[in-house]
Amino acid sequence: MADLTPLLNQPNSSDAETPPTTTNKHLPSLGSTVELCIGEFNWTQFLQAVLVSFAWLFDAQQTFVSVFTDAQPQWHCTEQGGDSCNSSTTFCNLPKDSWAWNGPTQASIISEWGLECENSIITGLPASLFFMGCLVGGVVLATLADSSLGRKNMLFFSCLLMSLASLLATFSTNIWIYSSLKFLCGFGRATIGTSALVLASELVGKRWRGQISVIGFFCFTIGFLSLPAMAYTNRGSSWRNLYLWTSIPTILYCVLVKLLIQESPRWLLVQGRKEEAVATLKCITSITQSNLNLAIDNMSHKAENWNVDLYSALKILLQKKWSSRRLLAIMAMGFGIGLVYYGMPLGLGILSFNLYLSVTFNALSELPSSLLTFVLIDKFNRRSSLLIFTILSGVFSVLSVMEGNMQIGFELISFFSACTSFNIYLIYTTELFPTCVRNSGLSMARQAVVFGGTFSPLLVSAGRGNKILCYGVFGLVIGCSGLFGVFLPETKGGKLCDTMDEEENKEKIACDILLA
């Protein structure tokens, strides 16, 4: 790394480092221009990437907070219960004074609003609507980061909407208001991970692209890990406190995003906003402004003229045969990964193991998953890695149906493999699509993951009676999902393209090589 530099300012003196190649050379593409101007990886880029990736922490908290706020608390028989209570496995057919909750009534929405005997559709409604909100938000907001708002503003507004909805959830008086706010929270949350991942990867050169992307996964793990600690501390208080503790820091983070984060120079150049791109590059590199201007003026790229309305990026993705094929294949993979990735933590309550410990173990399993991704990402092919880990996840998910001491071990291996698959999947997707549609492509890929997640609460509810309907289905679906990788090109070590034409030409060259 280069010497430490301030987060927002870089010197612009005449003795600053110049590009390693001649600045008056005609540069063939935007991509090579950005690689030249970004230069060596330095502390400014690292700090920017870390600050951007921190959004994943709050994303994780809002995704899994319902594991504790919507859980059914433990109960016990009272003295009035007698033998009929002690021999019963459910309290729904018992007199109210024959049993009581182990903790305070306000510890969960189930106990506070008397939902303990409602059907699974009602009790699972908040979680399902959260994922439905993610789906709708992903469709409505998917292309804004590629068209009008950009990566930074999309990240800011998404975090702000999610945090405000989460804060308002603390004032809910019934499950219907609460579920509506969970939908709004999911709507805002839909593009947080996408915007953060794309922005972080576009602030650095291709040499560090994979490693920088993994920072977000570590932050997601930290956010996941913070939940059981907060929930255990709050076990004697109201579930509303968990939403306060997670929403207020997110609002403060939004202020930091607005003040400190730089916009993607790649996106600015694609949009034809050269002056802003130069200003951004000046903040994250040590190259002089005159050299930046000269390099950008000499590049062959011109601003895209097809990206004229809200859904232009999505339309062009579907119109091109090669891009629509990639999008459908990657979404098919994402559905299986999402079903297990979101379903496993939600289904921990049906395992015969302590809930706080099992959630903690699942969160901890994301740390070695992120470390493994960090090590693997520059050594192994994306497609083969995805195939191996999806099959591993599927096999051990099916084994989790077995009762016994090994059940939690099988579940952890399955979840670890699903996490690793998810990490590689996101990085792979950012490499499959050019800059002009990258955020839209990644948003649709995450939509598929969330779409898989919307089915997980239903399967978890069904799994309370028969685990094969939960973990068996999980294993079958994710085990088959990795097979769709055969329809996708390998991207390991390749450069990021910036326009549809550039990516299409690369696709044609690859096809010609295969046919030769």
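What you see is a predicted model; the values in this text were computed from it and never measured.

Procedures and definitions
Residues numbered from 1 in each chain as written. Predicted model: local features only at pLDDT ≥ 70, side-chain atom pairs only at ≥ 80, totals over all residues. Heavy atoms only, no water. Helix = DSSP H or I, 4+ residues; strand = E, 2+ residues; numbered from the N terminus. Buried < 20%, exposed > 50% of the residue type's maximum accessible area, 1.4 Å probe, protein only. Contact = heavy atoms within 4.5 Å. Areas by Shrake-Rupley, 256 points an atom, 1.4 Å probe, with all protein chains shown as cover. Phe/Tyr/Trp six-rings, centres within 6.5 Å; stacked < 30°, edge-to-face > 60°. Lys NZ or Arg CZ within 6 Å of the ring centre and 35° of its normal. Axes fitted to C-alpha atoms, helices over the stretch in contact; angles between N-to-C directions. Parallel < 35°, antiparallel > 145°, perpendicular 65-115°, else oblique. Left-handed = near helix turned anticlockwise from the far one by under 90°. Nonpolar A, V, L, I, M, F, W, Y, C, P; charged D, E, K, R; others polar. Salt bridge = Lys/Arg side-chain N within 4 Å of Asp/Glu carboxyl O. pLDDT = per-residue confidence, 0-100. Core = buried A, V, L, I, M, F, W, Y, C linked by side-chain atoms within 4.5 Å. Lys, Arg positive; Asp, Glu negative; His and termini not counted. Patch = residues over 30% accessible without salt bridge, like charges linked within 9 Å, V, L, I, M, F, W, Y side chains within 5 Å. Expected span 1.5 Å × (residues − 1). Arc of directions from axis to C-beta. Disulfide = S-S within 2.5 Å.

Caption draft 1: Structural view of the overall build of the chain. When its secondary structure is counted, the chain shows 24 helices and 2 strands. Residue burial in the chain is summarised as follows: out of 516 residues, 57% are buried. Contacts spanning at least 24 positions in sequence make up 83% of the contacts within the chain whose residues lie at least 6 apart. Per element, the accessible surface of the chain, about 20,500 Å² overall, is 65% carbon and sulfur.

Caption draft 2: Up close: the packing of aromatic side chains. Tallied over the full model, the rule gives 29 aromatic pairs. Aromatic pair Phe-224 and Phe-415: ring centres 6.4 Å apart, planes at 80°, arrangement edge-to-face. Placement of Phe-224 in helix α12 (residues 209–233) and of Phe-415 in helix α21 (residues 407–432) is noted, with a sequence separation of 191 residues between them. Among the residues examined, Phe-224 registers a relative accessible area of 1% and is labelled buried. A network of ring pairs unites the aromatic residues Trp-56, Phe-64, Phe-130, Phe-131, Phe-217, Phe-220, Phe-224, Tyr-341, Tyr-342, Phe-415 and Phe-422 as a single cluster. The ring of Phe-156 carries the charged tip of Lys-258 above its face, separated from the ring centre by 5.1 Å.

Caption draft 3: Geometry of the environment of Gln-61. With respect to the element layout, Gln-61 can be found in helix α3 (residues 55–64). Here Gln-61 falls in the buried class, since its relative accessible area comes to 6%. In this structure, the C-alpha to C-alpha distance between Gln-61 and Phe-224, residues 163 residues apart in sequence, is 5.8 Å. Apart from residues no more than four positions distant in its own chain, Gln-61 is found in contact with Gly-223, Ser-226, Leu-227, Met-230 and Thr-246.

Caption draft 4: Here's a closer look at the packing of helix α19 (residues 355–376) against α21. Running from N to C, α19 and α21 cross one another at 40°; their axes reach a closest spacing of 8 Å. Looking at the two axes, α19 sits oblique to α21. Between α19 and α21 lies a crossing of right-handed hand. Listed contacts from α21 to Ser-358, Phe-361, Asn-362, Ser-365, Glu-366, Pro-368, Ser-369, Ser-370, Leu-372 and Thr-373 of α19 are Ile-408, Glu-411, Leu-412, Phe-415, Phe-416, Cys-419, Thr-420, Asn-423, Ile-424 and Ile-427. The class makeup of the residues in the contact of α19 with α21 is 10 nonpolar, 8 polar and 2 charged.

Caption draft 5: Representation of the pattern of salt bridges. A complete count under the given rule lists 10 salt bridges for this structure. A salt bridge links Arg-273 to Glu-276; its shortest N-O distance comes to 2.8 Å. Owing to a relative accessible area of 31%, Arg-273 belongs among the partly exposed residues under this scheme. For Glu-431, the salt bridge is made with Arg-382, and the minimal N-O distance between the two is 2.8 Å. With Glu-431 in helix α21 and Arg-382 in helix α20 (residues 382–399), this pair connects stretches of sequence that are 49 residues apart. Take Glu-431 and Arg-382: they sit in the same class, and that class is buried.

Caption draft 6: Just the confidence of the model for the chain, in detail. On average, the chain scores 82 in pLDDT, and the residues at 70 or more come to 86%. Here residues 1–28 scores under 50 on pLDDT; set against residues more than four positions off or in separate chains, the count is 61 contacts.

Caption draft 7: Structural detail: the nonpolar core. Ranked by size, the top nonpolar core spans 115 residues in total, and within it Leu-155 and Tyr-425 carry the most contacts. Here this core takes 12 residues from helix α18 (residues 321–346), the largest share from any one element. Here Leu-155 is in contact with Val-52, Ala-55, Ile-192, Ser-195, Ala-196, Tyr-253 and Val-257, once residues within four sequence places are set aside.

Caption draft 8: Here's a closer look at the packing of α12 against α19. Across the interface, α12 lies against α19 with an axial gap of 9 Å and an inter-helix angle of 170°. Taken together, the axes of α12 and α19 lie roughly antiparallel to each other. The segment α12 lies against α19, with Gln-211, Val-214, Phe-217, Phe-218, Phe-220, Thr-221, Phe-224, Leu-225, Pro-228, Ala-231 and Tyr-232 engaging Tyr-356, Val-359, Thr-360, Asn-362, Ala-363, Leu-364, Glu-366, Leu-367, Ser-370, Leu-371, Thr-373 and Phe-374. Along the lines of polarity and charge, the residues of the contact of α12 with α19 split into 16 nonpolar, 6 polar and 1 charged.

Caption draft 9: Expanded view of the side chain of Glu-366. You can see Glu-366 is positioned in helix α19. For the buried residue Glu-366, which engages in no salt bridge, the nearest side chain bearing the opposite charge is Arg-189, 9.9 Å off.

Caption draft 10: View of a nonpolar patch on the surface. A cluster of nonpolar side chains, contributed by Leu-244, Trp-245, Ile-248 and Leu-252, occupies part of the molecular surface with about 360 Å² of accessible area. Along the chain, Leu-244 turns up in helix α13 (residues 240–260).

Caption draft 11: Structural detail: the environment of Leu-242. Relative to the helices and strands, Leu-242 is located in helix α13. Taking relative accessible area as the criterion, Leu-242 reaches 4% and is therefore assigned buried. In this structure the C-alpha to C-alpha distance between Leu-242 and Phe-68, which are 174 residues apart in sequence, comes to 8.9 Å. Sequence-distant contacts of Leu-242, defined by excluding residues within four places in its chain, comprise Val-65, Phe-68, Thr-69, Met-230, Ala-231 and Asn-234.

Caption draft 12: How the structure looks around the environment of Ser-158. Among the structural elements, Ser-158 can be located in helix α9 (residues 150–169). Residue Ser-158 is classed as buried on the basis of its relative accessible area, which comes to 2%. In sequence terms Ser-158 and Gly-193 are 35 residues apart; their C-alpha atoms lie 9.7 Å from each other. Sequence-distant contacts of Ser-158, that is, excluding residues within four places in its chain, are made with Gly-188, Thr-191 and Ile-192.

Caption draft 13: Geometry of α19. Taking 1.5 Å of rise per residue, the 22 residues of α19 would be expected to cover 32 Å, and the 32 Å separating its terminal C-alpha atoms lies within 8% of that figure. Buried within α19 we find Ser-358, Val-359, Asn-362, Ala-363, Ser-365, Glu-366, Ser-369, Ser-370, Thr-373 and Leu-376. Buried residues of α19 fall within an arc of 150° about the axis and therefore sit on the same side. Elements that come into contact with the buried residues of α19 comprise α4 (66–69), α12, α18, α20 and α21.

Caption draft 14: Region of the structure containing the state of the cysteines. All told, the structure shown has 0 disulfides when counted by the stated rule. Lacking any disulfide linkage, Cys-134 is separated from the closest cysteine sulfur, that of Cys-185, by 7.8 Å.

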